[in-house]
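Understanding the architecture of this molecule
Spelled out, the chains give:
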Amino acid sequence: YQLLAAFLRESGKANEAARLCLKEAESPDEKQRTAALVLALGMSGELDSPTEAEVERAVRAALERNGQSLPLLKATAERALRNGEVDDALALYTRCLKAEPKNASLMNNLAIALSRKNRHQDAVEQINRAIDLAGPKLELLDSKGLILMQAGDLNQAIELLMKVSSDGLATPNYFLH
């Protein structure tokens, strides 16, 4: 179903792909249900309102059944951040980091959410923790550059983003590394 869902999505049929994922989310296997819902959540923003609402209901029900499903919590946090639901994203990323305190990707995304709330100092501290943990990966450095830019530290931001682009990351990514 995953390849078919990807094909449908790429063919401009995201609603059909999401409905396929929702059908798979009825599986008795918890991992299968979670994977299907994570895939459907990734299509958020491409779906019509009824399908989006159906995905949202299925995710809420799954989180009520198993609120500790880290893949589902991460996907829900990413969707919240993409959709501008920054308070929800902050709460979800914080919850995920309690379960995976050494996850640099989660730290990165939490830093982006903090920055969006104009908590720039907290954001810089969080992205620095991610860089200290994972090393100076381009994906983390570009996030730091964008956070510094939002914080008003333009000289340091430009220097860092120039380094990132010259070291191989052609297009800075805003979040969700």
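You'll find the structure just up there.
Quick caveat, the model's predicted, so the values are computed rather than measured. (Residues numbered from 1 in each chain as written. Predicted model: local features only at pLDDT ≥ 70, side-chain atom pairs only at ≥ 80, totals over all residues. Heavy atoms only, no water.)

What follows deals with the nonpolar core. Note that soluble globular proteins tend to have their nonpolar side chains buried in a common cluster. By size, the foremost hydrophobic cluster in this structure holds 32 residues, and its most contacted members are Y93, I127 and I147. Taken together, the elements giving at least two residues each to this core come down to α5 (70–82), α6 (86–99), α7 (104–116), α8 (120–134), α9 (138–151) and α10 (154–166). Take this core: its biggest share by element is eight residues, from α7. Non-local contacts of I127, meaning those with residues more than four positions away in its chain, are made with N108, A111, L140, S143, K144 and I147. L20, A25, A40 and V55 belong to the second-largest nonpolar core, a separate cluster that totals 20 residues. (Core = buried A, V, L, I, M, F, W, Y, C linked by side-chain atoms within 4.5 Å. Buried < 20%, exposed > 50% of the residue type's maximum accessible area, 1.4 Å probe, protein only. Helix = DSSP H or I, 4+ residues; strand = E, 2+ residues; numbered from the N terminus. Contact = heavy atoms within 4.5 Å.)

With that settled, the discussion passes to the pattern of salt bridges. Within this structure, the stated rule accounts for eight salt bridges. Across the pair E56 and R60 runs a salt bridge whose closest N-O atoms are separated by 3.6 Å. Pair noted here: E56 and R60 are both in helix α4 (residues 49–65), with a separation of four residues, about one helical turn. Taking relative accessible area as the criterion, E56 reaches 22% and is therefore assigned partly exposed. The shortest N-O distance in the salt bridge between R79 and E56 comes to 3.6 Å. Of this pair, R79 sits in helix α5 while E56 is found in helix α4, placing the two residues 23 residues apart along the sequence. Within this structure, E56, R60, R79 and E85 form a network of salt bridges that share partners. (Salt bridge = Lys/Arg side-chain N within 4 Å of Asp/Glu carboxyl O.)

Functional significance is not addressed by these values, which are geometric in nature.
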